[in-house]
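# Close look at the chain arrangement
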Amino acid sequence: MKNNLLLSCLFCLSLHASLCADTAEIDLAGEWSLSGCGRTLAAKIPGGVHDALLEAGIIDDIYWGANETNQLWAARSDWKFWRRFTVPEDFLAKKDAILRLEDCDAFCTVRINGHVAGETTDRFQRYDFDVKPYLKAGENTIEGFFRSPVAVADERRRRIGRPYPISNPIWAKNQALVRKNACHAGWDWGPEVESIGFCGTVKLIASDRPRIDYIHTLQDFNGDLSHCTLRVIADLSDGSSVTNRLELENPPLWWPNGAGERKFFMLETDIAGEHVKKRIGLRKLEVLNERTKRADGKEELSLAFRVNNRRLFMKGANWIPCDALERRQTPEKYRDLLESAAEANMNMIRVWGGGQYEKDVFYDICDELGLLVWHDMMCSCAVYPAEEWFLDEIRRELSHQLRRLKDHASIAMWCGDNECLGAINWFDETKENKDFYREEWVKRSKMQAEAVAKHDPARTYWPSSPCCGPGDFGDGWKDDSKGDMHQWDVWHDNKPFEKYREYRPRFCSEFGFQSFPSPEVAKTFSDGPGDDFEWHQKNIGGNKRIRETFLRYFGQAKDFESELLLSQFQQGLAIKTAVEAWRSGMPRTMGTLYWQLNDIWPVASWSSLEYGGKWKPLHYMARRFYAPLAVVLKPDGSIVAVNDSPDRLTGELTVEYWAYDGVRPAFSERTRVTIEPDGVTAIGRAEKRGNLFAVLTLHAGGGVARNDSAVYRQTAMAEPCIVAMMNGGEVTLSTDRPAFFVWLNAEGVKGEFSDNAFTLLPGRPVTVEFGGDAEAMEKSLRIASLADTLARPEQSGPRPGAAANP
């Protein structure tokens, strides 16, 4: 995998060294005890109740079959974590001592040596409790008494006396009333695993004088970026702040993936004995909302991102938490998933509002890889109360999260929520009183905007996603003229893939099509078709929709395993259709973020990366349709080149016409082309010629882009014979007839191929490389293509062993 990290400069700042003395810390992570429901067991912190129950064998694998239902009791119970720890006398001799908690989930009363030190009510806040009065030299005890989040949510609903509904959760219907991950209550791609416990930092900090709470910066560039004024602010625990200013000439810049190198400065702050180091990237980022009027008088509003004075098309996907279990959210998993995103030529990830403010490692890796982050605030698919106590909770979490994260070069924009404005129209209770619930949304959104203006004024606040713009309550699902759009007609309304082409969004931040998991992943939760398999489809009617769509584009799958693979080819075709239509519509459309990048457990879903990180065909196709140079054949026969580089390119376009059972092209055409920078250029045409499909090959600027116009429901499609030759980690493939969606799979072997799910033509061998253990890959390699998944005419009819459609 690529690593574009470049440390270019080092600044050492000494800010008012007399203000603070040394601090000391005691990390309380590690071995704890857990008790509840008549049980006592070992627990590891950071971690949650479910992690401990699994490790103790009290509950079975939550991810197998319908075992999800066998652990729901855990979130409906109260629990206690506790441990002993030692405090040295010199630690206790300091003037102040606090207990710091981060990602404490969520309703906890903390006791130190039997004394109540504080209470938590919000997973997303940071809590600093004064514990100096309760500590003693030598052995101490800490206890965390956690209440059931489901019980708290239900109590709040009764107290408020008004519904605040949320979509997707099956059982925990009042999840919108508690400040924790919305998806903990279950979603249409994930199980209900209501995390409870100390899921982040638990440590004691002692100091003699005010300590550093946050270090953050403000960057101010001149017009041509040749000068940057960098203000450094240290927020201290007593509410005061210390500032310094640096004037930087011709500073090296941080660029998103594919647009340039990422260069970093290491900022060192030394306030007496307290030393803080922070890596920062310098870049100018602007969110462009340009209002225009069409000939018919309708107003339009763009949404585009300009980085370092270059307007860039955003290519990416939506991110959900990388696992339903806290202790499985590891740095290795974050890196694997995010590197896969960067390898697929993505430059933006959207952190979705039903998940969580992620761990530091997530943002560090995004900085390193050049993945811009569209960051939702943590509200999703629900109506939320605007009572002052509730807004205060969100206000405090934003005060922490904005200051914690604002120096990450990757963070592009703060967005108020996911689909909460539209949710007012989803529920009977809210539709009956739209004005009230809309005013509730406005109050929360206004408060969030004020928080961004206070704590991160250099960044844009976008009210919701989808959104037609600040103050506009238009329909972001159907109106493609303003802001960002969520386009779900194809999946939820069962429209054909061609429906994507009817929309011309300014920015599409959600759209998707499901696939089944691969056979390899399906084996981890079921023994094949049946109830266990069906439980891992959380979107009502989803399996039926996948299977019905086969008949629209391919035909019937020949057996259960073929059905799984065919669904993944189908998913790739759907998203390719959308992205090519919209990316070739630049500069009107300036971003596509498909739903979704990753999975939270093994499941039928919209992801391009399976649970465990394996690339689906969609992810390989994304690497091609998000490539810096792409060639697209439009439905009207016009051919366009998409060029992400700032350079004008020259090259050659070849158009070949093939029969579906042909052994060579029927004929071909070559054209010299010039391609304009940072945009789309018309470079030719491909006419429809009987029952032939066109194959496009574009050589330009040292790169190659390919595409074709094959229609896969062709009665003349021949069954190809594919031959593979091995040479170390290389596989060279050849075929006697056109083969579509050629798929190489090394089950159980970690690593991906340099290309996959591609069209293979006679006389055009293709060599791919495997990025893992070559010997293990050769032993387990299996090669298939579209033809291998489809039932022949004599096989039509009910599929033996087929699972019932939900």
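Residues numbered from 1 in each chain as written. Predicted model: local features only at pLDDT ≥ 70, side-chain atom pairs only at ≥ 80, totals over all residues. Heavy atoms only, no water.

On a plain count of helices and strands, the chain comes out with 17 helices and 46 strands. The C-alpha radius of gyration of the chain comes to 28 Å, within 12% of the 28 Å expected for a compact globule of 806 residues. By its C-alpha atoms, the chain is 85 × 65 × 60 Å across when sized along the principal axes. Sorting the 806 residues of the chain into buried and exposed places 60% on the buried side. When contacts within the chain are restricted to residue pairs at least 6 apart in sequence, long-range pairs at least 24 apart make up 71% of them. A total of about 30000 Å² of accessible surface is found on the chain, and carbon and sulfur atoms cover 47% of it. (Helix = DSSP H or I, 4+ residues; strand = E, 2+ residues; numbered from the N terminus. Rg over C-alpha atoms; globule rule 2.2 N^0.38 Å. Buried < 20%, exposed > 50% of the residue type's maximum accessible area, 1.4 Å probe, protein only. Contact = heavy atoms within 4.5 Å. Areas by Shrake-Rupley, 256 points an atom, 1.4 Å probe, with all protein chains shown as cover.)

So, about empty space enclosed by the protein. To find the voids left in a structure, one rolls a probe of water-molecule size over its atoms. Tallied over the entire structure, the rule returns six cavities of 30 Å³ or more. Of the volumes computed, that of the largest cavity is approximately 60 Å³. What lines the largest cavity is Asn 181, Cys 183, His 184, Pro 191, Val 193, Pro 321, Asp 323, Ala 324, Glu 326, Gln 329, Gln 356 and Ile 600. The residue makeup of the lining of the largest cavity, split by class, is six nonpolar, four polar and two charged. (1 Å grid on protein atoms, 1.4 Å probe; cavity = no way out; pocket = protein on both sides within 12 Å on 5 of 7 lines; lining within 4 Å. Points joined across faces, edges and corners; volume = space filled by probe spheres on them. Nonpolar A, V, L, I, M, F, W, Y, C, P; charged D, E, K, R; others polar.)

Next up on the list: the nonpolar core. In terms of nonpolar packing, the biggest core is built from 174 residues, with Leu 99, Phe 198, Met 346, Phe 362, Tyr 594 and Leu 786 touching the most fellow members. Here this core gets eleven residues from one element, more than from any other, and that element is helix α14 (residues 560–583). Among all residues touching Phe 198, those that are not within four sequence positions of it are Trp 32, Ile 45, Pro 46, Gly 47, Phe 81, Leu 101, Asp 103, Cys 104, Cys 108, Gly 144 and Phe 146. Formed by 41 residues, the second largest nonpolar core is a distinct cluster that contains Leu 225, Val 232, Leu 312 and Leu 593. (Core = buried A, V, L, I, M, F, W, Y, C linked by side-chain atoms within 4.5 Å.)

Here the focus is α14. Every α-helix carries 3.6 residues per turn, so stepping three or four residues along brings you back to the same face. For α14, with 24 residues, the first-to-last C-alpha span of 35 Å sits near the 34 Å given by 1.5 Å per residue. For α14, the buried fraction is high: 21 of the 24 residues fall into the buried class. (Expected span 1.5 Å × (residues − 1).)

Moving on to the sheet that holds strand β44 (residues 758–760). Judged by pairing direction, the sheet is antiparallel, and its three strands sit side by side in the order β44-β43-β46 without closing on themselves. Unpaired on one side and paired on the other, β44 and β46 (781–784) mark the two borders of the sheet. In this sheet, neighbouring strand axes are inclined to one another by 40 degrees on average, regardless of whether the strands run parallel or antiparallel. Alignment of strand β43 (residues 739–746) against β44, held across two bridges, turns out to be antiparallel. The residue bridging Ala 739 from the neighbouring strand is Leu 760, located in β44. (Pairing = 2+ DSSP bridges. Axes fitted to C-alpha atoms, helices over the stretch in contact; angles between N-to-C directions.)

Taking 1.5 Å per residue, 13 residues should reach 18 Å; helix α4 (residues 331–343) reaches 18 Å between its end C-alpha atoms and fits that length. All of the buried residues in α4 are Lys 333, Tyr 334, Leu 337, Leu 338, Glu 339, Ser 340, Ala 341, Ala 342 and Glu 343. Close packing links the buried residues of α4 with β26 (314–319), β27 (348–351), α5 (360–369) and α15 (617–625). Looking at the residues trailing α4, positive phi occurs at Asn 345, about 70 degrees.

With that settled, consider the layout of surface pockets. Taken as a whole, the second largest pocket encloses approximately 1200 Å³ of empty space. If you go around the second largest pocket, you meet 43 residues; those closest to its centre are Glu 102, Thr 201, Lys 203, Asp 360 and Arg 404. Residue assignment for the lining of the second largest pocket shows that the elements contributing at least two residues are β2 (23–27), β6 (96–102), β15 (202–207), β16 (212–221), β20 (274–281), α5 and α6 (388–405). Among the elements that take part in the lining of the second largest pocket, β20 stands out by supplying six residues, more than any other. Among the residues forming the lining of the second largest pocket, the class breakdown is nine nonpolar, eleven polar and 23 charged.

Here is the key point about a regular strand: its side chains alternate between the two faces of the sheet. Going residue by residue along β27, you find Met 348 and Arg 350 tucked away on one face and Ile 349 and Val 351 tucked away on the opposite face as well. Pairing of β26 with β27, which is carried by four bridges, proceeds in the parallel orientation. From the neighbouring strand, Asn 318 faces β27, where its bridge partner is Arg 350. Following the backbone out of β27, through α5 and into the adjacent parallel strand β28 (residues 372–376), one traces a crossover that is right-handed. (Right-handed = clockwise from strand over helix to strand, strands pointing away.)

Within the secondary structure layout, Ala 423 lies in helix α7 (residues 420–423). Judged by its relative accessible area of 0%, Ala 423 is buried. C-alpha separation for the pair Ala 423 and Arg 438, spaced 15 residues apart in sequence, amounts to 9.9 Å. Excluding residues that lie within four positions of it along the chain, Ala 423 makes contacts with Cys 381, Ala 382, Val 383 and Thr 430.

Applying the stated criterion across every chain, the model contains 51 aromatic pairs. Taking the centre distance of 5.4 Å and the plane angle of 75 degrees together, the rings of Phe 124 and Tyr 357 count as edge-to-face. Residue Phe 124 is found in the loop between β9 (115–120) and β10 (126–130), and its partner Tyr 357 is found in the loop between β27 and α5; the two are separated by 233 residues along the sequence. Their ring planes at 65 degrees and their centres at 6.2 Å tell us that Trp 426 and Phe 427 sit as a pair that is edge-to-face. For Trp 426, a relative accessible area of 33% corresponds to the partly exposed category. Residue Phe 427 is classed as buried on the basis of its relative accessible area, which comes to 12%. (Phe/Tyr/Trp six-rings, centres within 6.5 Å; stacked < 30°, edge-to-face > 60°.)

Before going further, it helps to examine the sheet that holds β16. With respect to topology, three strands assemble into an open sheet ordered β16-β17-β18, the strand pairing being antiparallel. Strands at the two margins of the open sheet, each flanked by one partner only, are β16 and β18 (241–249). With strand direction ignored, the average angle separating the axes of adjacent strands in the sheet is 15 degrees.

We now examine the pattern of salt bridges. All told, the structure shown has 67 salt bridges when counted by the stated rule. Residue Asp 336 pairs with Lys 750 through a salt bridge whose shortest N-O separation is 3.3 Å. Residue Asp 336 is found in helix α4, and its partner Lys 750 is found in the loop between β43 and β44; the two are separated by 414 residues along the sequence. Between Arg 444 and Asp 417 there is a salt bridge, and its shortest N-O distance comes to 3.0 Å. With Arg 444 in helix α9 (residues 434–455) and Asp 417 in the loop between β29 (411–415) and α7, this pair connects stretches of sequence that are 27 residues apart. Taken individually, Arg 444 and Asp 417 each receive the classification buried, so the pair is uniform in this respect. Connected through salt bridges with shared partners, the residues Asp 103, Asp 105, Arg 123, Lys 180, Glu 194 and Glu 326 form a single ionic network. (Salt bridge = Lys/Arg side-chain N within 4 Å of Asp/Glu carboxyl O.)

The next thing to look at is the packing of α4 against α5. Viewed as axis vectors pointing N to C, α4 and α5 meet at an angle of 30 degrees, and their least axial separation amounts to 10 Å. With respect to their mutual orientation, α4 and α5 come out roughly parallel. Helix-helix and strand crossings are classified by hand; for α4 and α5 the assignment is right-handed. Contact residues: Pro 331, Tyr 334, Arg 335, Leu 338, Glu 339 and Ala 342 in α4; Val 361, Phe 362, Ile 365, Cys 366, Glu 368 and Leu 369 in α5. The residue makeup of the contact of α4 with α5, split by class, is nine nonpolar, no polar and three charged. (Parallel < 35°, antiparallel > 145°, perpendicular 65-115°, else oblique. Left-handed = near helix turned anticlockwise from the far one by under 90°.)

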